[in-house]
Amino acid sequence: MRRKIAPTAAAGEKAEAGAETVEAVQVPAGGGADSMRTEFSFELPRGYVDEAGRVHRSGVMRLATARDELLPLRDDRVRENPAYLSVVLLGRVVERIGSVTDIHAGVIEDLFASDLAFLQDFYRRINAEGHTRAQVACPSCDTAFAVDLAGGGRLGES
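A few points on the structure. (Residues numbered from 1 in each chain as written. Predicted model: local features only at pLDDT ≥ 70, side-chain atom pairs only at ≥ 80, totals over all residues. Heavy atoms only, no water.)

Comments concerning the overall build of the protein chain
Counting secondary structure elements, the protein chain contains five helices and seven strands. The N-to-C order of helical and strand elements in the protein chain reads β-β-β-β-α-α-α-β-α-α-β-β. For the protein chain, buried positions account for 30% of its 158 residues. The contacts of the protein chain with a sequence gap of at least 6 include a subset with a gap of at least 24, amounting to 47%. Accessible surface, the protein chain as shown: approximately 10200 Å² in total, 51% of it carbon and sulfur. (Helix = DSSP H or I, 4+ residues; strand = E, 2+ residues; numbered from the N terminus. Buried < 20%, exposed > 50% of the residue type's maximum accessible area, 1.4 Å probe, protein only. Contact = heavy atoms within 4.5 Å. Areas by Shrake-Rupley, 256 points an atom, 1.4 Å probe, with all protein chains shown as cover.)

Below, the structure is given as structure tokens:
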């Protein structure tokens, strides 16, 4: 089952181009149900290079379901090499990288090692911790601050 990406605009409103996206959640009239963020935008450190040589850096990863974590365990590639689990798992939860929407284990295999490590950490953060922020400290002045690993801001911004 593939989930569709819906704009964050409320019902009847138009989303701006480039706006962050989340799973559509219907809230009954008069209801106070909270919506849950299930998709997270990210920016790869190096980027995915497609067969035409184009580089794709921005993407979307959704929260993993129990099925996403269980089905790869039956995959023969994972049975032969348990380290392949993260490749198959990321192939299931990454929805888009740039204009590439057909994401599968083969696409994840073609990522640079730094991008694979980034996505593995990003997966852990959004699924285990529920956010994409990390506490860091300036190496010069030792000032602590939070950075958003999803990127999107300009270099030097926190």
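Here's the deal with the nonpolar core
Ranked by internal contacts, the top residues of the largest apolar core, which has 26 residues, are Phe42, Met61, Leu90, Val94, Ile97 and Leu119. With residues near it in sequence (within four places) discarded, Leu90 still touches Met61, Ile108, Leu116, Leu119, Gln120 and Tyr123. (Core = buried A, V, L, I, M, F, W, Y, C linked by side-chain atoms within 4.5 Å.)

A look at helix α3 (residues 85-93)
If you check which residues of α3 are buried, you get Val87, Val88, Leu89, Leu90, Gly91 and Val93. Buried residues belonging to α3 abut β4 (55-62), α1 (66-70), α2 (76-80), β5 (94-97), α4 (105-109) and α5 (113-129).

With respect to the pattern of salt bridges
Enumeration according to the criterion identifies seven salt bridges in this entry. Between Asp50 and Arg54 there is a salt bridge whose closest N-O contact spans 3.1 Å. Taking relative accessible area as the criterion, Asp50 reaches 8% and is therefore assigned buried. Judged by relative accessible area, Arg54 falls into the partly exposed class, the value being 48%. Residues Arg124 and Asp121 are paired through a salt bridge, measuring 2.5 Å at the closest nitrogen-oxygen approach. Of this pair, Arg124 and Asp121 both sit in helix α5, separated by three residues, roughly a single helical turn. The exposure class assigned to Arg124 is partly exposed, which follows from its relative accessible area of 38%. Salt bridges sharing common partners tie together Arg62, Asp68, Arg92 and Glu95. (Salt bridge = Lys/Arg side-chain N within 4 Å of Asp/Glu carboxyl O.)

Structural notes on the sheet that holds β4
The antiparallel open sheet is built from three strands, whose spatial order is β3-β4-β5. Taken across any chain shown, the strands that pair with only one partner, and hence form the sheet edges, are β3 (39-49) and β5. Sheet twist, expressed as the average angle between the axes of neighbouring strands with direction ignored, equals 25°. Pairing of β4 with β5 involves three bridges; the strand directions are antiparallel. Of the residues in β5, the one forming a bridge with Met61 is Val94. Its contacts with the sheet put α3 on β4 and β5, and the angle it makes with β5 is roughly 75°. Contacting β3, β4 and β5, α5 runs over the sheet at an angle of about 170° to β3. (Pairing = 2+ DSSP bridges. Axes fitted to C-alpha atoms, helices over the stretch in contact; angles between N-to-C directions.)

Side note on the pairing of β3
Pairing geometry for β3 and β4, over seven bridges, is antiparallel. Looking at the pairing, Tyr48 lines up with His56 of β4. The hairpin formed by β3 and β4 contains five residues between the paired strands, and Gly53 there has a positive phi angle of roughly 90°.

Looking at the packing of aromatic side chains
The final tally for this structure, using the stated rule, is three aromatic pairs. Considering the side-chain rings of Phe42 and Phe118, the 6.3 Å spacing of their centres and the 55° angle between planes classify their relative orientation as tilted. Highlighted residues: Phe42 in strand β3 and Phe118 in helix α5, separated in sequence by 76 residues. Both residues of the pair, Phe42 and Phe118, count as buried. Residues Phe118 and Phe122 carry aromatic rings whose centres are separated by 5.7 Å and whose planes lie at 15° to one another, so their mutual orientation is stacked. Separated by four residues within a single helix, Phe118 and Phe122 lie in helix α5, roughly one turn from each other. Neither residue differs from the other here; Phe118 and Phe122 are each classed as buried. A connected cluster of aromatic rings, assembled from ring pairs, spans Phe42, Phe118 and Phe122. (Phe/Tyr/Trp six-rings, centres within 6.5 Å; stacked < 30°, edge-to-face > 60°.)

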